[in-house]
Amino acid sequence: MRTSQYLLSTLKETPASAEVISHQLMLRAGLVRNLASGLYTWLPTGLKVLRKVENIVREEMERANAIEVLMPMVQPADLWEESGRWEDYGPELLRLKDRHNRAFVLGPTHEEVITKLVANEINSYKQLPLSVFQIQTKFRDEIRPRFGIMRGREFLMKDAYSFHLGEECLKKTYQKMFDAYCRIFDRLGLDYRPVIADTGSIGGEASHEFHVLADSGEDEIAFSDNSDFAANVEKAEALAPQGERAEPTQEISTVELKLERLIKTSNLDLKTTVKTLLVLGTATEGEPEKIIALVLRGDHQLNEVKVENLSAIASPLTFATDEQVSAIANCHSTSLGPKGLAVDVIVDRSAAHLSDFVCGANVNGQSYTGVNWQRDCGEINIQDIRNIVTGDPSPCGSGNIIIKRGIEVGHIFQLGDKYAQAMNCGVLTENGKNQILTMGCYGIGVSRIVAAAIEQNHDKYGIKWPAAIAPFQVAIVPMNMAKSARVKETAEALYEQLQQAGIEVIFDDRKERPGVMFADHELIGTPILLIVGERNLDEQNIEVKNRITGEKLLMPISDVMSLFK
RNA sequence: CGGUGAUUAGCGCAGCUUGGUAGCGCACUUGGUUUGGGUCCAAGGGGUCGCAAGUUCGAAUCUUGCAUCACCGACCA
């Protein structure tokens, strides 16, 4: 490729709208352009990278015996009604109508379509197990698209689905996929971790996420400092504190300050206080809305995922309005406390372990000290409803927790039969009976990987691509080619030779000053720069600069091809 | 969905307080100059100032509404 005939589209200045480094560099290096909120055009250089990621993913899927298909992005709404997700999915699902007024959705995922397909195509146990995958554009109407490609509304995803007669077979394929994912991220050259994950709205049993570690990541991951344990903070169990709860030593007394003021003025340790949140309980038909109180130790944070997984709590989690709060406690939410609340109370394990604690008194501007659970609040329902924090004992039983941020680039699930059941996807077994299939599903955010790779591999000059996904393997940068016939001949010959050898080479044949060319190629992140200049031609040498290490060395022109063996 | 802010040339921004011929830097075009790290000089092209309504002799500037984009928040101790 010659730059003079290519769409380089690099920018000197950083567009104001780009927040994270990967977004800035993707715009500056001419990989993508923004079209509308969460929608991006892939420019030639970006597309090259995207295709490389795609191909690695494809090769490893095929190696894991998955077969490629391509399903429509636009899907009929009745499929989604059949699975129940037309109601469940919410506004993230973009719904649209065709000219005949028939309802469709833009596919955020393809469980329905693939399950329908398999239900129609697969009839016998002899055809199982089956794994299929596709690499297709998805659309999710995110509340808040951000960080450029990282959380766009339209994105490229690899999604795979496996079908089995039973749990045992599913587990085998799940492990195979797990291994395939590790190979993919190894080949991509990324620093990643598989972590135990919540199964979320898709449902099912076991699940792992694959995270690329980066400070800008949107997820928090809990690691043990003494074992391989790693889990999404959403999922990581916070163990109950050791030992028995201490006996009460204080009587309740009332303080004429709201809890917040009390904490500030008397320098109270948050660990001796509790906070109380009112949320909606599961709706039952014909009954008035039920409110449930959640109680956490003051220094802890509510884990929404854990709470939503409790059967008593409405999903999605909804906080009580100020009106609902006053109706129940006759005070503002900042003065709530568990004593004397006329609703069901769910107490976090750590909060439940306290004695002589401080809390709101359910009267505006008043708090209690010296409160004790059994004595003052009666029987309580104890659950794990908080986020694990640094220093907590690891749920695996070994070591303590440290927390790092990660970008979720892959997620695998053992789905079970939720969709197969709903779409009546079964086969005849050996003894001639129909049996509903068990499914697994396996996603990789292909476009997000491009952004994640940049988050992890950049410096002040630009992107430092891992070799496997660099848009070009090598750039030829001639010094003052317009004036020197020798430089031109040498550069052209090199270009010819590299092309012949099937190496992805970009030849900077623009009439630009050296500084401009260096800056562009460093921004784009081509791993090797071949610098052709008068300076070294007398000795028939060429300068080779490694973008990753910054090393420069001289080598005879005739040896250049050895770099690519 | 709530809060905040922005919207003026392809990009980054000034001008708005105090209404009166629309500017700067980068990029682009042409000529010259320079040539191993974003040269320098000169000339030039490009904008219904987000949209709509209002106030006014006159609106980028004041008022109102709308749209789009971005950031923050959605944890209520």
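Preceding this paragraph is the structure being described.
A brief look at the structure comes next. Small disclaimer: the values here were computed from a predicted structure and weren't measured.

Structural notes on the overall build of chain A
- When its secondary structure is counted, chain A shows 16 helices and 30 strands.
- Seen along its three principal axes, the alpha-carbon backbone of chain A occupies a region of about 95 × 70 × 50 Å.
- For chain A, buried positions account for 51% of its 565 residues.
- Within chain A, residue pairs in contact and separated by at least 24 positions form 69% of the contacts whose partners lie at least 6 positions apart.
- When the accessible surface of chain A is split by element, carbon and sulfur atoms take 48% of a total near 26,500 Å².
- Between the averaged position of the 61 positive side-chain charges in chain A and that of its 78 negative side-chain charges there is a distance of 6 Å.

Some words on the environment of isoleucine 122
- With respect to the helices and strands, the residue isoleucine 122 is situated in the loop between helix H5 (111-121) and strand S7 (130-139).
- For isoleucine 122, a relative accessible area of 9% corresponds to the buried category.
- Expressed as a C-alpha distance, the spacing of isoleucine 122 and methionine 481, which sit 359 residues apart in the sequence, is 63 Å.
- Look past the residues within four positions of isoleucine 122 in its chain and what remains in contact with it is Gln127, Leu128, Leu130, Gly426 and Val427.

Some points on the sheet that holds strand S19 (residues 381-383)
- On the basis of which strands lie adjacent, the open sheet formed by four strands has the order S14-S15-S16-S19 and mixed pairing. Two strands in the sheet have a free side with no partner beyond their single neighbour: strand S14 (274-280) and S19. Sheet twist, expressed as the average angle between the axes of neighbouring strands with direction ignored, equals 30 degrees.

So, the pairing of strand S30 (residues 552-556)
- Relative to S30, strand S29 (residues 541-546) runs antiparallel, the two being bridged by five bridges. Bridge pairing in S30 links valine 544 to leucine 553.
- The loop that links S29 with its antiparallel partner S30 comprises five residues; one of these, glycine 550, has a positive phi angle of about 80 degrees.

Digging into the packing of helix H2 (residues 44-63) against helix H6 (residues 167-188)
- Where H2 contacts H6, the axes come no closer than 9 Å and their chain directions differ by 150 degrees. The orientation of H2 relative to H6 falls into the category roughly antiparallel. As H2 runs across H6, the sense of the crossing is right-handed. Residue-level contacts link Val53, Ile56, Val57, Glu59, Glu60, Met61 and Arg63 of H2 to Met177, Ala180, Tyr181, Arg183, Ile184, Arg187 and Leu188 of H6.
- When its residues are assigned to classes, the contact of H2 with H6 shows nine nonpolar, no polar and five charged.

Section: the pairing of strand S26 (residues 474-478)
- With respect to burial, S26 is a largely interior element, five of its five residues being buried.
- Judged by which residues are buried, S26 turns out to be covered on both faces: Val474, Ile476 and Pro478 on one side and Ala475 and Val477 on the other are all buried.
- Of the pairings in the sheet, the one linking S26 to strand S27 (residues 505-507) comprises three bridges and is parallel in character. Bridging from a neighbouring strand, valine 474 pairs with valine 505 of S27.
- Note on the crossover from S26 through helix H14 (residues 485-500) to S27: the handedness is right-handed.
- Pairing of S26 with strand S28 (residues 528-532) involves five bridges; the strand directions are parallel. Of the residues in S28, the one forming a bridge with valine 474 is isoleucine 528.

Points about the packing of aromatic side chains
- Counted by the stated rule, this structure contains eleven aromatic pairs.
- With 5.8 Å between their ring centres and 75 degrees between their planes, tyrosine 6 and phenylalanine 472 make a pair best called edge-to-face. Linking tyrosine 6 in the segment before helix H1 (21-28) with phenylalanine 472 in the loop between strand S25 (462-463) and S26, this pair joins segments that are 466 residues apart in sequence.
- Exposure remark for tyrosine 6: the relative accessible area of 13% places this residue in the buried category.
- Each ring, one from tyrosine 181 and one from phenylalanine 185, has its centre 6.3 Å from the other, and the planes form 75 degrees; the classification is edge-to-face. Residue tyrosine 181 and its partner phenylalanine 185 are located together in helix H6, separated by four residues, close to a single helical turn. Comparing tyrosine 181 with phenylalanine 185 shows no difference in burial state: the two are buried.
- Aromatic ring contacts, followed pair by pair, group Phe178, Tyr181, Phe185, Tyr192 and Phe210 into a single cluster.
- Over the ring of tryptophan 86 we find arginine 95; its NZ or CZ atom is 4.5 Å from the centre of that ring.
- The ring centre of phenylalanine 223 lies 5.5 Å from the NZ or CZ of lysine 404, which sits over that ring.

Digging into the pattern of salt bridges
- All told, the structure shown has 37 salt bridges when counted by the stated rule.
- Notably, a salt bridge pairs arginine 85 with glutamate 112, separated by 2.8 Å at the nearest N-O pair. Here the residue arginine 85 occupies a position in helix H4 (residues 85-88), and glutamate 112 occupies one in helix H5, the gap between them amounting to 27 residues. Judged on exposure class, the residue arginine 85 and its partner glutamate 112 are both buried.
- Between arginine 486 and glutamate 534 there is a salt bridge, with the nearest N and O atoms lying 2.7 Å from each other. With arginine 486 in helix H14 and glutamate 534 in helix H16 (residues 534-537), this pair connects stretches of sequence that are 48 residues apart.
- We classify arginine 486 as partly exposed; its relative accessible area is 33%.
- Judged by its relative accessible area of 35%, glutamate 534 is partly exposed.
- Because the salt bridges share partners, they merge into one network encompassing Glu59, Glu60, Arg63, Arg183 and Arg187.

Procedures and definitions
- Residues numbered from 1 in each chain as written.
- Chains lettered and ligands numbered in written order.
- Predicted model: local features only at pLDDT ≥ 70, side-chain atom pairs only at ≥ 80, totals over all residues.
- Heavy atoms only, no water.
- Helix = DSSP H or I, 4+ residues; strand = E, 2+ residues; numbered from the N terminus.
- Buried < 20%, exposed > 50% of the residue type's maximum accessible area, 1.4 Å probe, protein only.
- Contact = heavy atoms within 4.5 Å.
- Areas by Shrake-Rupley, 256 points an atom, 1.4 Å probe, with all protein chains shown as cover.
- Lys, Arg positive; Asp, Glu negative; His and termini not counted.
- Charge placed at Lys NZ, Arg CZ, Asp CG, Glu CD.
- Pairing = 2+ DSSP bridges.
- Axes fitted to C-alpha atoms, helices over the stretch in contact; angles between N-to-C directions.
- Parallel < 35°, antiparallel > 145°, perpendicular 65-115°, else oblique.
- Left-handed = near helix turned anticlockwise from the far one by under 90°.
- Nonpolar A, V, L, I, M, F, W, Y, C, P; charged D, E, K, R; others polar.
- Right-handed = clockwise from strand over helix to strand, strands pointing away.
- Phe/Tyr/Trp six-rings, centres within 6.5 Å; stacked < 30°, edge-to-face > 60°.
- Lys NZ or Arg CZ within 6 Å of the ring centre and 35° of its normal.
- Salt bridge = Lys/Arg side-chain N within 4 Å of Asp/Glu carboxyl O.

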